[in-house]
Amino acid sequence: MSSRFERVSAHKEFEGSLFTVCTGTFRHEDGGEVEREWVVHDGAVGVVAHDGESVYLVRQPREAVGSPDLLELPAGKLDVEGEELLETAKRELAEEIGKAAEQWEPLTQFYTSPGFTNEEIHLFLATGLSDVEQPEVEEDERIDLVVHPLAELDSLIADVTDSKTLIGLLELRRRL
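The model shown is predicted, which means the values in this text are computed figures rather than measured ones.

Novice: Sorry if this is basic, but what is going on with the sheet that holds strand 2 (residues 20-28) here?
Specialist: Paired through backbone hydrogen bonds, the strands of a sheet run either parallel or antiparallel to each other. An order of 1-2-3 is seen for the three strands of this open sheet, with the pairing classed as antiparallel. Edge strands, defined here as strands with exactly one partner in the open sheet, are strand 1 (5-15) and strand 3 (33-40). Shown here is a sheet whose adjacent strand axes are inclined to one another by a mean of 20°, direction ignored.

Dropping the structure here:
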């Protein structure tokens, strides 16, 4: 059963560097109106990078969840005007782990939490890895490279709590 709706009103309540918070009214087919709050986010990419023997991840502090060392895929926001998804993925792979890839393949895309945000993450598989010069890390970023044996993928999946990383690693396991 599908129900259509229309946005009747929308107002920006807060605009920050990472996201915007909006409130608004929506009218459904049955005439009922609902008030909603939502977060507008430009989206992001994540990269599942492996060389046949190891998968490459990063550890970084995530203050919002109180983790000093969350294990994640190399990833980044879609924050360069006009940049294609794949170009963002290539840039983030070089910036975060100093790698380039010969082969790129879209893995999947998903909404992180559609009950309150439009954030969509696009995951890519990167293989045929080679070292590249790593650009200067942004001053406020604290990223450590983690190289994990591909043979121990199941134990890695069991330890991951970040959604994009879990989805990416499960998709990798499905494809292997």
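Novice: What is the right way to read the packing of aromatic side chains from this model?
Specialist: Summed over all chains, the structure comprises four aromatic pairs. With a centroid separation of 6.0 Å and an interplanar angle of 50°, the aromatic rings of Phe14 and Phe19 are classed as tilted. Look at Phe14 and you get partly exposed, because its relative accessible area is 45%. Looking at Phe19, the relative accessible area reads 33%, which means it is partly exposed.

Novice: Honestly, the layout of surface pockets in this entry has me stumped. Any pointers?
Specialist: One simple way to see leftover space: roll a probe sized like a water molecule over the atoms. Roughly 1500 Å³ of volume is contained in the largest pocket. Taken together, 38 residues make up the lining of the largest pocket; nearest its centre are Leu18, Arg62, Glu72, Lys77 and Glu119. Elements represented by at least two residues in the lining of the largest pocket include exactly strand 4 (44-50), strand 5 (54-62), strand 6 (67-72), strand 7 (75-77), helix 1 (85-97) and helix 3 (163-175). Per-element accounting of the lining of the largest pocket gives the leading share, four residues, to helix 1. Considering only residue class, the lining of the largest pocket consists of 13 nonpolar, eight polar and 17 charged.

Novice: Help me understand the environment of Thr25 in this model?
Specialist: By secondary structure assignment, the location of Thr25 is in strand 2. Taking C-alpha positions, Thr25 is 6.7 Å from Ala10, a pair spaced 15 residues apart along the chain. Ignoring any residue separated from it by four or fewer positions in sequence, one finds Thr25 in contact with Glu6, Arg7, Val8, Ser9, Glu33, Val34 and Glu35. Within the structure, Thr25 has its side chain in polar contact with the side chain of Glu35 (distance 2.7 Å).

Novice: Please explain the nonpolar core as it appears in this structure.
Specialist: Soluble globular proteins tend to bury their nonpolar side chains together. Of all hydrophobic cores here, the largest spans 19 residues; its most connected members are Val55, Leu57, Leu156, Leu169 and Leu172. When residues of this core are traced back to their parent elements, those giving at least two are strand 4, strand 5, strand 8 (99-111), strand 9 (120-131), helix 2 (153-159) and helix 3. Val45, Ala89, Leu129 and Ile143 belong to the second largest nonpolar core, which has 15 residues in total.

Novice: Sorry if this is basic, but what is going on with helix 3 here?
Specialist: Structurally, the α-helix is built with 3.6 residues per turn, so residues lying three or four positions apart point the same way. For helix 3, built from 13 residues, the straight-helix expectation of 18 Å at 1.5 Å per residue is met to within 8% by its first-to-last C-alpha distance of 18 Å. Looking only at helix 3, the buried set comprises Lys164, Thr165, Gly168, Leu169, Glu171 and Leu172. Viewed along the axis of helix 3, the buried residues span an arc of 160°, placing them on a single side of the element.

Novice: Can you help me understand the pairing of strand 6 in this one?
Specialist: Consecutive side chains of a regular strand alternate in pointing toward one face of the sheet and then the other. Of the pairings in the sheet, the one linking strand 5 to strand 6 comprises four bridges and is antiparallel in character. Each bridged residue has a counterpart across the sheet, and for Arg62 the counterpart in strand 6 is Ser67. The hairpin turn running from strand 5 into strand 6, its antiparallel successor, is four residues long, and Gly66 in that turn takes a positive phi close to 75°.

Novice: How do you make sense of the side chain of Thr23 when you look at a structure like this?
Specialist: Note on placement: Thr23 falls in strand 2. A distance of 2.6 Å separates a polar atom in the side chain of Thr23 from a polar atom in the side chain of Glu13. Discounting residues that sit within four places of it in the chain, Thr23 has contacts with Ser9, Ala10, His11, Glu13, Arg36, Glu37 and Trp38.

Novice: Just to check I follow, could you spell out the environment of Arg36 for this structure?
Specialist: Note on placement: Arg36 falls in strand 3. A C-alpha to C-alpha distance of 6.3 Å links Arg36 and Thr25, two positions 11 residues apart in sequence. In this structure Arg36 touches Cys22, Thr23, Gly24 and Phe26, once residues within four positions along its chain are discounted.

About the cut-offs
Residues numbered from 1 in each chain as written. Predicted model: local features only at pLDDT ≥ 70, side-chain atom pairs only at ≥ 80, totals over all residues. Heavy atoms only, no water. Pairing = 2+ DSSP bridges. Helix = DSSP H or I, 4+ residues; strand = E, 2+ residues; numbered from the N terminus. Axes fitted to C-alpha atoms, helices over the stretch in contact; angles between N-to-C directions. Phe/Tyr/Trp six-rings, centres within 6.5 Å; stacked < 30°, edge-to-face > 60°. Buried < 20%, exposed > 50% of the residue type's maximum accessible area, 1.4 Å probe, protein only. 1 Å grid on protein atoms, 1.4 Å probe; cavity = no way out; pocket = protein on both sides within 12 Å on 5 of 7 lines; lining within 4 Å. Points joined across faces, edges and corners; volume = space filled by probe spheres on them. Nonpolar A, V, L, I, M, F, W, Y, C, P; charged D, E, K, R; others polar. Contact = heavy atoms within 4.5 Å. Polar contact = N/O pair within 3.5 Å; in protein donor to acceptor, adjacent residues only side chain to side chain. Core = buried A, V, L, I, M, F, W, Y, C linked by side-chain atoms within 4.5 Å. Expected span 1.5 Å × (residues − 1). Arc of directions from axis to C-beta.

Don't take any of this as a statement about function, it's just geometry.
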